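Structural overview
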Amino acid sequence: MLRLDGVTKRYPHRSKRHTHPVVALDDVSIAFEPATTTALIGPSGCGKSTALRTLVGLVRPDAGRARFDGDPINPDRPARLRGLRHRLGYVIQDGGLFPHLTARQNILLLPRHLRLDADDTARRLDHLVELTRFPKAGLDRFPSELSGGQRQRVALMRALAHDPEALLLDEPLGALDPLIRADLQTDLKAIFADLKKTVVLVTHDLAEAAFLAPSIVLMREGRVVQHASYRELVERPAEPFVRDFVTAQTSRLRALETTA
Ligand code: ADP
Ligand code: MG
(Lines give C-alpha, C1' and ligand atoms only; values in the text may rest on other atoms or scores of the structure.)
(Ligands and ions follow the chains in the order given, each with its own letter.)
Protein backbone atom coordinates (compact mmCIF):
# COMPACT_ATOMS: atom_id res chain seq x y z
CA MET A 1 0.00 0.00 0.00
CA LEU A 2 1.10 3.53 -0.84
CA ARG A 3 1.30 6.08 1.94
CA LEU A 4 2.76 9.34 3.17
CA ASP A 5 3.72 9.35 6.84
CA GLY A 6 4.22 12.75 8.46
CA VAL A 7 5.85 14.28 5.39
CA THR A 8 7.15 17.84 5.64
CA LYS A 9 8.88 19.59 2.74
CA ARG A 10 10.22 23.15 2.79
CA TYR A 11 11.62 25.12 -0.12
CA PRO A 12 13.64 28.31 0.00
CA HIS A 13 11.38 31.17 -1.05
CA ARG A 14 11.65 31.92 -4.76
CA SER A 15 11.71 35.64 -4.06
CA LYS A 16 14.78 36.79 -2.11
CA ARG A 17 12.74 39.34 -0.14
CA HIS A 18 11.36 36.48 2.01
CA THR A 19 13.49 34.99 4.72
CA HIS A 20 11.05 32.23 5.70
CA PRO A 21 10.96 29.07 3.60
CA VAL A 22 7.82 27.95 1.75
CA VAL A 23 6.27 24.97 3.52
CA ALA A 24 5.03 22.92 0.56
CA LEU A 25 3.99 19.98 2.78
CA ASP A 26 3.38 20.31 6.49
CA ASP A 27 3.22 16.98 8.35
CA VAL A 28 1.12 15.24 5.69
CA SER A 29 -0.09 11.69 6.32
CA ILE A 30 -2.24 9.94 3.74
CA ALA A 31 -2.93 6.22 3.32
CA PHE A 32 -4.00 5.50 -0.25
CA GLU A 33 -6.51 2.68 -0.39
CA PRO A 34 -5.33 -0.13 -2.68
CA ALA A 35 -7.21 -0.70 -5.95
CA THR A 36 -9.08 2.58 -5.47
CA THR A 37 -8.77 6.04 -6.99
CA THR A 38 -7.90 8.83 -4.58
CA ALA A 39 -7.99 12.44 -5.77
CA LEU A 40 -5.67 15.08 -4.30
CA ILE A 41 -7.40 18.41 -4.63
CA GLY A 42 -6.96 21.97 -3.36
CA PRO A 43 -6.07 25.49 -4.45
CA SER A 44 -3.02 26.12 -6.59
CA GLY A 45 0.19 25.92 -4.53
CA CYS A 46 -1.33 23.81 -1.71
CA GLY A 47 1.24 21.03 -2.23
CA LYS A 48 -0.54 18.50 -4.50
CA SER A 49 2.34 18.06 -6.96
CA THR A 50 4.90 17.96 -4.16
CA ALA A 51 2.91 15.16 -2.51
CA LEU A 52 2.83 13.19 -5.76
CA ARG A 53 6.52 13.83 -6.44
CA THR A 54 7.33 12.58 -2.94
CA LEU A 55 5.47 9.35 -3.72
CA VAL A 56 7.65 8.72 -6.79
CA GLY A 57 10.88 9.65 -5.00
CA LEU A 58 11.51 12.91 -6.84
CA VAL A 59 11.26 14.94 -3.64
CA ARG A 60 13.40 14.34 -0.56
CA PRO A 61 11.23 15.15 2.48
CA ASP A 62 12.67 17.20 5.36
CA ALA A 63 10.73 14.96 7.73
CA GLY A 64 8.59 11.87 7.38
CA ARG A 65 8.54 9.35 4.54
CA ALA A 66 6.64 7.98 1.61
CA ARG A 67 6.27 4.20 1.69
CA PHE A 68 5.19 1.52 -0.72
CA ASP A 69 4.19 -1.76 0.94
CA GLY A 70 6.27 -0.74 3.93
CA ASP A 71 9.42 0.01 1.89
CA PRO A 72 10.64 3.60 2.24
CA ILE A 73 10.67 5.57 -1.02
CA ASN A 74 14.07 7.10 -0.45
CA PRO A 75 15.80 9.36 -3.02
CA ASP A 76 19.10 8.68 -1.21
CA ARG A 77 18.96 4.98 -2.14
CA PRO A 78 18.78 5.19 -5.95
CA ALA A 79 19.12 1.44 -6.60
CA ARG A 80 16.30 0.54 -4.19
CA LEU A 81 14.26 3.47 -5.47
CA ARG A 82 14.55 2.27 -9.08
CA GLY A 83 13.02 -1.07 -8.11
CA LEU A 84 10.10 0.67 -6.44
CA ARG A 85 9.69 3.16 -9.29
CA HIS A 86 9.19 0.27 -11.70
CA ARG A 87 6.10 -0.70 -9.72
CA LEU A 88 4.65 2.79 -10.27
CA GLY A 89 3.37 4.64 -13.33
CA TYR A 90 3.60 8.45 -13.34
CA VAL A 91 2.10 11.03 -15.69
CA ILE A 92 3.00 14.72 -15.42
CA GLN A 93 0.68 17.50 -16.54
CA ASP A 94 1.97 18.01 -20.09
CA GLY A 95 2.54 14.28 -20.54
CA GLY A 96 6.32 14.61 -20.75
CA LEU A 97 6.66 12.50 -23.92
CA PHE A 98 10.04 12.40 -25.62
CA PRO A 99 9.55 14.50 -28.79
CA HIS A 100 12.12 12.57 -30.84
CA LEU A 101 10.44 9.19 -30.23
CA THR A 102 7.20 7.96 -31.80
CA ALA A 103 4.21 7.20 -29.60
CA ARG A 104 5.05 3.49 -29.75
CA GLN A 105 8.71 4.08 -28.87
CA ASN A 106 7.68 6.28 -25.94
CA ILE A 107 5.31 3.59 -24.67
CA LEU A 108 7.80 0.73 -25.06
CA LEU A 109 10.74 2.52 -23.45
CA LEU A 110 10.33 1.09 -19.96
CA PRO A 111 9.11 -2.43 -20.92
CA ARG A 112 12.24 -2.74 -23.14
CA HIS A 113 14.52 -1.35 -20.46
CA LEU A 114 13.07 -3.87 -18.00
CA ARG A 115 13.42 -6.61 -20.63
CA LEU A 116 9.79 -7.64 -20.23
CA ASP A 117 8.57 -10.45 -22.48
CA ALA A 118 7.98 -8.98 -25.95
CA ASP A 119 4.79 -10.97 -26.63
CA ASP A 120 3.28 -10.01 -23.27
CA THR A 121 4.16 -6.39 -23.93
CA ALA A 122 2.63 -6.47 -27.42
CA ARG A 123 -0.60 -7.94 -26.02
CA ARG A 124 -0.60 -5.33 -23.30
CA LEU A 125 -0.12 -2.53 -25.83
CA ASP A 126 -3.11 -3.84 -27.84
CA HIS A 127 -5.21 -3.81 -24.69
CA LEU A 128 -4.09 -0.28 -23.78
CA VAL A 129 -4.76 1.04 -27.28
CA GLU A 130 -8.29 -0.32 -26.99
CA LEU A 131 -8.79 0.94 -23.44
CA THR A 132 -7.62 4.46 -24.23
CA ARG A 133 -9.47 4.42 -27.59
CA PHE A 134 -6.28 5.54 -29.30
CA PRO A 135 -6.18 5.30 -33.13
CA LYS A 136 -3.67 2.53 -33.88
CA ALA A 137 -2.14 4.42 -36.81
CA GLY A 138 -1.11 7.12 -34.32
CA LEU A 139 1.36 4.77 -32.67
CA ASP A 140 3.92 5.53 -35.37
CA ARG A 141 3.51 9.30 -35.15
CA PHE A 142 5.67 11.68 -33.18
CA PRO A 143 4.11 13.61 -30.27
CA SER A 144 4.07 16.84 -32.34
CA GLU A 145 1.87 15.05 -34.91
CA LEU A 146 -0.77 14.16 -32.30
CA SER A 147 -3.53 16.26 -30.70
CA GLY A 148 -3.32 17.22 -27.03
CA GLY A 149 -5.89 14.58 -26.08
CA GLN A 150 -4.05 11.90 -28.06
CA ARG A 151 -0.75 12.87 -26.44
CA GLN A 152 -2.30 12.38 -22.99
CA ARG A 153 -3.60 8.96 -24.07
CA VAL A 154 -0.04 8.05 -25.10
CA ALA A 155 1.33 9.34 -21.79
CA LEU A 156 -1.22 7.18 -20.00
CA MET A 157 -0.29 4.10 -22.06
CA ARG A 158 3.38 4.77 -21.34
CA ALA A 159 2.68 4.95 -17.60
CA LEU A 160 0.80 1.64 -17.78
CA ALA A 161 2.98 -0.25 -20.27
CA HIS A 162 5.02 -2.09 -17.61
CA ASP A 163 1.84 -3.01 -15.72
CA PRO A 164 2.61 -1.01 -12.56
CA GLU A 165 0.71 -1.63 -9.33
CA ALA A 166 -0.07 2.04 -8.82
CA LEU A 167 -0.73 4.92 -11.19
CA LEU A 168 0.05 8.54 -10.24
CA LEU A 169 -1.41 11.31 -12.39
CA ASP A 170 -0.63 15.02 -11.98
CA GLU A 171 -3.47 17.04 -13.53
CA PRO A 172 -3.43 14.79 -16.60
CA LEU A 173 -6.34 16.64 -18.18
CA GLY A 174 -5.38 20.13 -17.01
CA ALA A 175 -4.17 21.43 -20.35
CA LEU A 176 -7.00 20.06 -22.50
CA ASP A 177 -10.04 21.76 -24.07
CA PRO A 178 -13.24 21.23 -22.06
CA LEU A 179 -14.86 18.87 -24.59
CA ILE A 180 -11.78 16.68 -25.00
CA ARG A 181 -11.39 16.81 -21.25
CA ALA A 182 -14.93 15.47 -20.69
CA ASP A 183 -14.24 12.70 -23.20
CA LEU A 184 -11.05 11.65 -21.45
CA GLN A 185 -12.72 11.83 -18.02
CA THR A 186 -15.25 9.25 -19.18
CA ASP A 187 -12.48 7.08 -20.64
CA LEU A 188 -10.33 7.40 -17.51
CA LYS A 189 -13.22 6.19 -15.38
CA ALA A 190 -13.58 3.09 -17.56
CA ILE A 191 -9.80 2.54 -17.56
CA PHE A 192 -9.57 2.76 -13.76
CA ALA A 193 -12.49 0.32 -13.42
CA ASP A 194 -10.90 -2.12 -15.88
CA LEU A 195 -7.40 -2.05 -14.39
CA LYS A 196 -8.36 -1.94 -10.67
CA LYS A 197 -5.10 -0.24 -9.76
CA THR A 198 -4.26 2.07 -6.91
CA VAL A 199 -4.63 5.48 -8.55
CA VAL A 200 -3.62 8.87 -7.16
CA LEU A 201 -5.04 11.67 -9.27
CA VAL A 202 -4.09 15.31 -8.74
CA THR A 203 -6.72 17.77 -9.93
CA HIS A 204 -8.00 21.22 -9.00
CA ASP A 205 -11.48 20.40 -10.28
CA LEU A 206 -13.91 19.07 -7.67
CA ALA A 207 -16.38 17.79 -10.27
CA GLU A 208 -13.57 15.73 -11.84
CA ALA A 209 -12.50 14.43 -8.42
CA ALA A 210 -16.09 13.49 -7.52
CA PHE A 211 -16.59 11.77 -10.88
CA LEU A 212 -13.38 9.74 -10.81
CA ALA A 213 -12.46 9.21 -7.17
CA PRO A 214 -14.43 7.57 -4.36
CA SER A 215 -11.84 9.01 -1.99
CA ILE A 216 -10.88 12.71 -1.98
CA VAL A 217 -8.08 14.42 -0.06
CA LEU A 218 -8.66 18.15 0.20
CA MET A 219 -5.47 20.09 0.91
CA ARG A 220 -4.74 23.67 1.89
CA GLU A 221 -1.37 25.35 2.43
CA GLY A 222 0.56 22.10 2.68
CA ARG A 223 -1.87 20.35 5.00
CA VAL A 224 -4.60 17.76 4.64
CA VAL A 225 -7.88 19.42 5.58
CA GLN A 226 -10.19 16.43 5.04
CA HIS A 227 -9.89 12.92 3.55
CA ALA A 228 -13.39 11.73 2.70
CA SER A 229 -15.87 10.93 -0.05
CA TYR A 230 -17.42 13.77 -2.04
CA ARG A 231 -20.69 13.23 -0.17
CA GLU A 232 -19.00 13.52 3.21
CA LEU A 233 -17.18 16.70 2.13
CA VAL A 234 -20.53 18.21 1.23
CA GLU A 235 -22.52 16.88 4.18
CA ARG A 236 -19.90 16.88 6.95
CA PRO A 237 -17.23 19.50 6.15
CA ALA A 238 -14.38 19.28 8.66
CA GLU A 239 -13.77 23.05 8.61
CA PRO A 240 -15.40 26.15 7.15
CA PHE A 241 -12.73 26.03 4.40
CA VAL A 242 -14.19 22.75 3.08
CA ARG A 243 -17.64 24.30 2.75
CA ASP A 244 -16.18 27.41 1.10
CA PHE A 245 -14.17 25.29 -1.35
CA VAL A 246 -17.18 23.12 -2.25
CA THR A 247 -19.44 26.16 -2.59
CA ALA A 248 -16.97 28.05 -4.75
CA GLN A 249 -16.59 25.09 -7.11
CA THR A 250 -20.28 24.28 -7.34
CA SER A 251 -21.28 27.90 -7.93
CA ARG A 252 -18.70 27.99 -10.71
CA LEU A 253 -20.42 24.94 -12.20
CA ARG A 254 -23.83 26.58 -11.90
CA ALA A 255 -22.51 29.76 -13.49
CA LEU A 256 -21.20 27.65 -16.39
CA GLU A 257 -24.54 25.90 -16.74
CA THR A 258 -26.49 29.17 -16.89
CA THR A 259 -24.17 30.68 -19.49
CA ALA A 260 -24.25 27.50 -21.62
P1 ADP B 1 0.24 22.47 -6.31
O2 ADP B 1 0.64 21.31 -7.16
O3 ADP B 1 -0.83 22.15 -5.31
O4 ADP B 1 -0.15 23.68 -7.12
P5 ADP B 1 3.04 22.46 -5.49
O6 ADP B 1 3.21 21.18 -4.77
O7 ADP B 1 3.53 22.54 -6.87
O8 ADP B 1 1.50 22.91 -5.42
O9 ADP B 1 3.75 23.63 -4.67
C10 ADP B 1 3.54 23.87 -3.29
C11 ADP B 1 4.35 25.07 -2.86
O12 ADP B 1 5.74 24.78 -2.94
C13 ADP B 1 4.14 26.30 -3.76
O14 ADP B 1 4.21 27.45 -2.95
C15 ADP B 1 5.31 26.23 -4.71
O16 ADP B 1 5.64 27.50 -5.17
C17 ADP B 1 6.41 25.65 -3.84
N18 ADP B 1 7.36 24.84 -4.61
C19 ADP B 1 7.09 23.68 -5.25
N20 ADP B 1 8.18 23.18 -5.85
C21 ADP B 1 9.19 24.07 -5.59
C22 ADP B 1 10.56 24.12 -5.93
N23 ADP B 1 11.16 23.15 -6.65
N24 ADP B 1 11.28 25.18 -5.48
C25 ADP B 1 10.71 26.15 -4.74
N26 ADP B 1 9.42 26.16 -4.38
C27 ADP B 1 8.65 25.13 -4.80
MG1 MG C 1 0.69 21.08 -9.25
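Rules used in this analysis
Residues numbered from 1 in each chain as written. Chains lettered and ligands numbered in written order. Predicted model: local features only at pLDDT ≥ 70, side-chain atom pairs only at ≥ 80, totals over all residues. Heavy atoms only, no water. Helix = DSSP H or I, 4+ residues; strand = E, 2+ residues; numbered from the N terminus. Buried < 20%, exposed > 50% of the residue type's maximum accessible area, 1.4 Å probe, protein only. Contact = heavy atoms within 4.5 Å. Areas by Shrake-Rupley, 256 points an atom, 1.4 Å probe, with all protein chains shown as cover. Lys, Arg positive; Asp, Glu negative; His and termini not counted. Charge placed at Lys NZ, Arg CZ, Asp CG, Glu CD. Expected span 1.5 Å × (residues − 1). Arc of directions from axis to C-beta. Pairing = 2+ DSSP bridges. Axes fitted to C-alpha atoms, helices over the stretch in contact; angles between N-to-C directions. Phe/Tyr/Trp six-rings, centres within 6.5 Å; stacked < 30°, edge-to-face > 60°. Lys NZ or Arg CZ within 6 Å of the ring centre and 35° of its normal. Core = buried A, V, L, I, M, F, W, Y, C linked by side-chain atoms within 4.5 Å. Parallel < 35°, antiparallel > 145°, perpendicular 65-115°, else oblique. Left-handed = near helix turned anticlockwise from the far one by under 90°. Nonpolar A, V, L, I, M, F, W, Y, C, P; charged D, E, K, R; others polar.

1. Let's talk about the overall build of the chain
Within the chain one finds 9 helices and 10 strands. Overall, the C-alpha framework of the chain stretches about 55 × 50 × 40 Å when taken along its three principal axes. When each of the 260 residues of the chain is scored for burial, the buried share is 47%. In the chain, the proportion of contacts linking residues at least 24 apart, taken out of those at least 6 apart, comes to 67%. Within the structure as shown, the chain displays about 13500 Å² of accessible surface, and the carbon and sulfur contribution to it stands at 51%. Across the chain, the centroid of the 38 positively charged side chains sits 5 Å from that of the 32 negatively charged ones.

2. Some remarks on helix α4 (residues 118-131)
The first and last C-alpha atoms of α4 sit 20 Å apart over 14 residues, in line with the 20 Å expected at 1.5 Å per residue. Turning to α4, its buried residues are Thr121, Arg124, Leu125, Leu128, Val129 and Leu131. Summarising the axial view, the buried residues of α4 lie within an arc of 155°, below the 170-degree limit, and thus occupy one face. Every exposed residue of α4 that faces more than 90 degrees away from the buried side is listed here: Asp119, Arg123 and Glu130.

3. What about the sheet that holds strand β6 (residues 88-91)?
Pairing is mixed across the open sheet formed by 6 strands, whose spatial order is β6-β7-β8-β3-β9-β10. The sheet is open, and its two edges are formed by β6 and β10 (223-228), each paired on a single side. Direction aside, neighbouring strands of the sheet carry axes that sit 15° apart on average. The strands that helix α1 (residues 48-55) touches are β3 (37-41), β6, β7 (166-170), β8 (198-202) and β9 (215-220); relative to β7, the one it contacts most, it runs at about 150°.

4. Quick look at the packing of aromatic side chains
One pass over the structure, following the stated rule, counts 1 aromatic pair. An angle of 40° between the planes, with centres 6.0 Å apart, marks the rings of phenylalanine 241 and phenylalanine 245 as tilted. Pair noted here: phenylalanine 241 and phenylalanine 245 are both in helix α9 (residues 240-259), with a separation of 4 residues, about one helical turn. With a relative accessible area of 13%, phenylalanine 241 lands in the buried category. Classification of phenylalanine 245 by relative accessible area gives buried; the value is 10%. Between lysine 189 and the ring centre of phenylalanine 211, over which it is positioned, the NZ or CZ distance is 4.4 Å.

5. As for the environment of leucine 110
Along the chain, leucine 110 turns up in helix α3 (residues 103-113). Residue leucine 110 is classed as partly exposed on the basis of its relative accessible area of 24%. Sequence-wise, leucine 110 and glycine 64 are 46 residues apart; in three dimensions their C-alpha atoms are separated by 29 Å. In contact with leucine 110, not counting residues within four places along its chain, are His86 and His162.

6. Topic: the nonpolar core
Within the largest apolar cluster, 31 residues are counted, with the highest numbers of intra-cluster contacts made by Val154, Met157, Leu167 and Leu169. Of all the elements in the fold, those that place two or more residues in this core are α3, α4, α5 (148-160), β7, α6 (178-195) and β8. Per-element tally for this core: the top contributor is α5, with 6 residues. Discounting chain neighbours no more than four positions away, the residues touching leucine 169 are Leu52, Val91, Leu156, Phe192, Val199, Val200, Leu201 and Val202. Among the nonpolar cores identified, the runner-up in size contains 26 residues, and Leu4, Val7, Leu25 and Ala51 belong to it.

7. A look at the sheet that holds strand β4 (residues 63-68)
Across the sheet, 4 strands lie side by side as β2-β1-β4-β5; this open sheet has antiparallel pairing. Each having just a single partner strand, β2 (22-32) and β5 (71-72) make up the two edges of the open sheet. Sheet topology note: the β4/β5 ladder contains 2 bridges and is antiparallel. Looking at the pairing, arginine 67 lines up with proline 72 of β5.

8. Topic: the packing of α3 against α5
At a minimum axis distance of 7 Å, the contact between α3 and α5 shows a crossing angle of 25°. Comparing the axis directions of α3 and α5 gives the class roughly parallel. In this structure, α3 crosses over α5, and the sense of that crossing is right-handed. Contacts between α3 and α5 involve Ala103, Asn106 and Ile107 on the former and, on the latter, Val154, Met157 and Arg158. Partitioning the contact of α3 with α5 into residue classes produces 4 nonpolar, 1 polar and 1 charged.

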